[in-house]
Amino acid sequence: MAALCQPRRALVEIPAPQPKIAARIRRSYLEILSARLVPSPPPRGRNATSNTRRVHSLDLSIGGVWSKRLEEQCEKMEEHHTPLSKQQLVQLIRSLILVEQSQEPRVIASDLKYLQEDLQLKKANVYRSIPYSRLGSNRDAHCYRKAYPHLVAFKVSCQEWGQVLLRNKEWDAVLEHALLAWRYTSELPQWDTANHNALREQCYSILASHSLTALQHHRPEASRGRELLRRFHMAQMHSQSIAPCIHELQRIMGCADDSSMETK
């Protein structure tokens, strides 16, 4: 009987209890972005080279020049206490990635079709993020907090693409892009609280600054100047930030008229 009552051996070793993780630990948005964008191991197959290039471009945009600007935008969002989903974070940094990629092939930045599509997408994302309610206003503070990340992405797109064109010294493309972005900015939602419309005015100021810089380095032809002047006057109906550009263009056209009369 003693041989039958031997103690049984444990087949599975029970691990030591792990310390509990504190609940509701808030990470900064920059940490979340870094965790989301960690490059995965290189895949095998036909798409290995294309995926490697995409990961490399993401590393450049996050770890390179744009990390400081991205951190500033994330700090602003933390001040507004705006929770971001994974999709919203990807949409926020999309324009930064596009700008980083466009510094090598200048054809992308020169073709305004791509820039217009990017602005259209950013504006559509703003309206998609606004919750619909039949009982209350969809322009109140709650809706503004939902749309704020997409508004920031729209502002970043206006600013960075304009700077790319300025660095490439494509002055006429800068003016055309500014007027296109001006129209899309005027189509953004008008919020009930006046302070919430400050980001719209910031977009106007950025675009006006780009246009003024282009006019200081570029003298358009007479027909092009008249067209720009007409469109500037239409843009002035939305904001007075374009007024210095109108004065500068009138000065350029006045000098051109005086020189043509002297030659006659």
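See the structure above.
This structure is a prediction, so every number in the text was calculated from the model and none was measured. (Residues numbered from 1 in each chain as written. Predicted model: local features only at pLDDT ≥ 70, side-chain atom pairs only at ≥ 80, totals over all residues. Heavy atoms only, no water.)

Draft legend 1. Spotlight on the packing of helix α8 (residues 171–186) against helix α9 (residues 198–217). The N-to-C vectors of α8 and α9 enclose an angle of 160°; their axes lie 9 Å apart at closest approach. Classified by the angle their axes make, α8 and α9 are roughly antiparallel. Taken as a pair, α8 and α9 cross one another with a handedness that is left-handed. Where α8 abuts α9, its residues Trp171, Val174, Leu175, Ala178, Ala181, Trp182, Thr185 and Ser186 lie against Arg200, Cys203, Tyr204, Leu207, Ala208, His210, Ser211, Ala214, Leu215 and His217. Taken together, the residues that form the contact of α8 with α9 break down as 12 nonpolar, 5 polar and 1 charged. (Axes fitted to C-alpha atoms, helices over the stretch in contact; angles between N-to-C directions. Helix = DSSP H or I, 4+ residues; strand = E, 2+ residues; numbered from the N terminus. Parallel < 35°, antiparallel > 145°, perpendicular 65-115°, else oblique. Left-handed = near helix turned anticlockwise from the far one by under 90°. Contact = heavy atoms within 4.5 Å. Nonpolar A, V, L, I, M, F, W, Y, C, P; charged D, E, K, R; others polar.)

Draft legend 2. Structural view of the environment of Ile246. Inspection of the secondary structure puts Ile246 in helix α11 (residues 243–263). Exposure remark for Ile246: the relative accessible area of 3% places this residue in the buried category. Separated by 14 residues in sequence, Ile246 and Phe232 place their C-alpha atoms 6.4 Å apart. Not counting the four nearest positions on each side in its chain, Ile246 is found in contact with Leu229, Phe232, His233 and Gln236. (Buried < 20%, exposed > 50% of the residue type's maximum accessible area, 1.4 Å probe, protein only.)

Draft legend 3. Representation of the packing of aromatic side chains in the model. Inspection of the entire model under this criterion finds 3 aromatic pairs. Ring geometry for Tyr144 against Trp191: centres 5.5 Å apart, planes inclined by 80°, an arrangement best described as edge-to-face. With Tyr144 in helix α7 (residues 141–167) and Trp191 in the loop between α8 and α9, this pair connects stretches of sequence that are 47 residues apart. Across the pair, Trp191 and Tyr144 agree in class, each one buried. The aromatic ring of Tyr184 is capped on one face by Arg183, whose charged end is 4.7 Å from the ring centroid. (Phe/Tyr/Trp six-rings, centres within 6.5 Å; stacked < 30°, edge-to-face > 60°. Lys NZ or Arg CZ within 6 Å of the ring centre and 35° of its normal.)

Draft legend 4. Summary view of empty space enclosed by the protein. According to the stated counting rule, one finds 1 cavity of 30 Å³ or more in the structure shown. Forming the walls of the largest cavity are Leu151, Leu188, Pro189, Trp191, His196, Asn197, Leu199 and Arg200. Among the residues forming the lining of the largest cavity, the class breakdown is 5 nonpolar, 2 polar and 1 charged. (1 Å grid on protein atoms, 1.4 Å probe; cavity = no way out; pocket = protein on both sides within 12 Å on 5 of 7 lines; lining within 4 Å. Points joined across faces, edges and corners; volume = space filled by probe spheres on them.)

Draft legend 5. The arrangement of helix α10 (residues 222–235) in detail. Across its 14 residues, α10 extends 20 Å between first and last C-alpha, which sits within 8% of the 20 Å expected from 1.5 Å per residue. Every buried residue of α10 is accounted for by Arg224, Gly225, Leu228, Leu229, Arg231, Phe232 and Ala235. (Expected span 1.5 Å × (residues − 1).)

Draft legend 6. Examining the state of the cysteines more closely. Applying the stated criterion across every chain yields a total of 0 disulfides. The thiol of Cys158 is not disulfide-bonded; the next cysteine sulfur, from Cys203, is found 4.9 Å away. (Disulfide = S-S within 2.5 Å.)

Draft legend 7. Examining the pattern of salt bridges more closely. This model, assessed by the stated rule, comprises 9 salt bridges. Measuring nitrogen to oxygen at the nearest pair gives 3.0 Å for the salt bridge that ties Glu176 to Arg224. With Glu176 in helix α8 and Arg224 in helix α10, this pair connects stretches of sequence that are 48 residues apart. Each of the two residues, Glu176 as well as Arg224, counts as buried. (Salt bridge = Lys/Arg side-chain N within 4 Å of Asp/Glu carboxyl O.)

Draft legend 8. Structural view of the environment of Lys169. Structurally, Lys169 can be placed in the loop between α7 and α8. A relative accessible area of 61% places Lys169 in the exposed class. Sequence-wise, Lys169 and His218 are 49 residues apart; in three dimensions their C-alpha atoms are separated by 9.4 Å.

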